[in-house]
Amino acid sequence: MRAVEHAAGLRPTVVMTYWDPVSRHGPEHLARLLADAGAVGAMVVDLPDDQAERWQAAAQDANLSTPRLVQRHVADTGLAAVAAGASGWLYAPASTALTGYRGPLDVPALADFTTRLRAASPLPVVSGVGISTPALAERVAPLVDAVVIGTPVVRALMTAPERVPASTAAFAQALNPYATTETRA
């Protein structure tokens, strides 16, 4: 929670987590802890369908947004149900592989998927997973409202921390044509 407090003191912070810690702590308790630490939202990437309603109610009671990760295999008829339980955004993985994937991306398949998501919901579409290089980020950016770059930064932090600023700058430069300006009060 200290890391959430620190991050939330700098920028609006959405926590990405798995169901196991939510289940262990209890959705209501964990949602309150995250909100008290300053988080504005929490995305449970492997949220079980049978627990979605409970998690969403707990998050709503704590005033947290609930972005949802949506797998490509979800049928069009199921997209509306998943989207209905989301707030903030829909997360469309750029790859169907596991987090940390470094291979090629099927950009046309991602484009088709984002089109399906936009037809099912007015929420913004965010993508990550498999966006391992600035060139891939540049290819994905026109398809979505935001791009998440996680593993490349974490990998650099773990292996060559001195390269993190240059790596982050390379991703930022690749995404710059698609950047929006943020107004601060």
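Just so you know, these numbers come straight off a predicted model, no measurement behind them.

Here the focus is the overall build of the protein. A count of helical and extended segments in the protein gives 9 helices and 6 strands. In terms of C-alpha radius of gyration, the protein reaches 17 Å, essentially the compact-globule figure of 16 Å for 185 residues. Expressed along its principal axes, the backbone C-alpha trace of the protein runs to roughly 40 × 40 × 35 Å. Across the 185 residues that make up the protein, the buried fraction comes to 41%. The long-range share in the protein, meaning contacts at least 24 apart out of those at least 6 apart in sequence, stands at 66%. Carbon and sulfur atoms form 56% of the exposed surface of the protein, whose accessible area is close to 10400 Å². On the protein, the mean spot of the 14 positive side-chain charges and the mean spot of the 16 negative ones are 7 Å from each other.

Bringing the environment of Pro152 into the picture now. Structurally, the position occupied by Pro152 is in helix H8 (residues 151-159). Pro152 sits in the buried class, given a relative accessible area of 15%. Residues Pro152 and Pro104, spaced 48 residues apart in sequence, show a C-alpha to C-alpha distance of 15 Å. The residues touching Pro152, leaving out its near neighbours within four places in the chain, are Ile131, Ser132 and Phe171.

Along the chain, the position of Gln56 falls in helix H4 (residues 52-61). The class of Gln56 is buried, set by a relative accessible area of 18%. Separated by 2.8 Å, the side chain of Gln56 and the backbone oxygen of Gly85 make a polar contact.

Under the defined criterion, the tally for this structure stands at 6 salt bridges. In this structure, Asp20 and Arg24 form a salt bridge, with 2.9 Å as the shortest nitrogen-oxygen distance. Of the two residues, Asp20 and Arg24 are both situated in helix H2 (residues 19-25); the distance of 4 residues between them amounts to about one turn of the helix. Residue classification places Asp20 among the partly exposed positions, given a relative accessible area of 46%. Residue classification places Arg24 among the exposed positions, given a relative accessible area of 59%. Here Arg32 and Asp36 are joined by a salt bridge, their closest N and O atoms 3.3 Å apart. Taken together, the positions of Arg32 and Asp36, both in helix H3 (residues 27-36) and 4 residues apart, correspond to about one turn of that helix. Judged by relative accessible area, Arg32 falls into the partly exposed class, the value being 35%. The exposed category is assigned to Asp36, whose relative accessible area is 54%.

What counts as what
- Residues numbered from 1 in each chain as written.
- Predicted model: local features only at pLDDT ≥ 70, side-chain atom pairs only at ≥ 80, totals over all residues.
- Heavy atoms only, no water.
- Helix = DSSP H or I, 4+ residues; strand = E, 2+ residues; numbered from the N terminus.
- Rg over C-alpha atoms; globule rule 2.2 N^0.38 Å.
- Buried < 20%, exposed > 50% of the residue type's maximum accessible area, 1.4 Å probe, protein only.
- Contact = heavy atoms within 4.5 Å.
- Areas by Shrake-Rupley, 256 points an atom, 1.4 Å probe, with all protein chains shown as cover.
- Lys, Arg positive; Asp, Glu negative; His and termini not counted.
- Charge placed at Lys NZ, Arg CZ, Asp CG, Glu CD.
- Polar contact = N/O pair within 3.5 Å; in protein donor to acceptor, adjacent residues only side chain to side chain.
- Salt bridge = Lys/Arg side-chain N within 4 Å of Asp/Glu carboxyl O.

Keep in mind that these numbers describe shape and distance, not what the molecule does.
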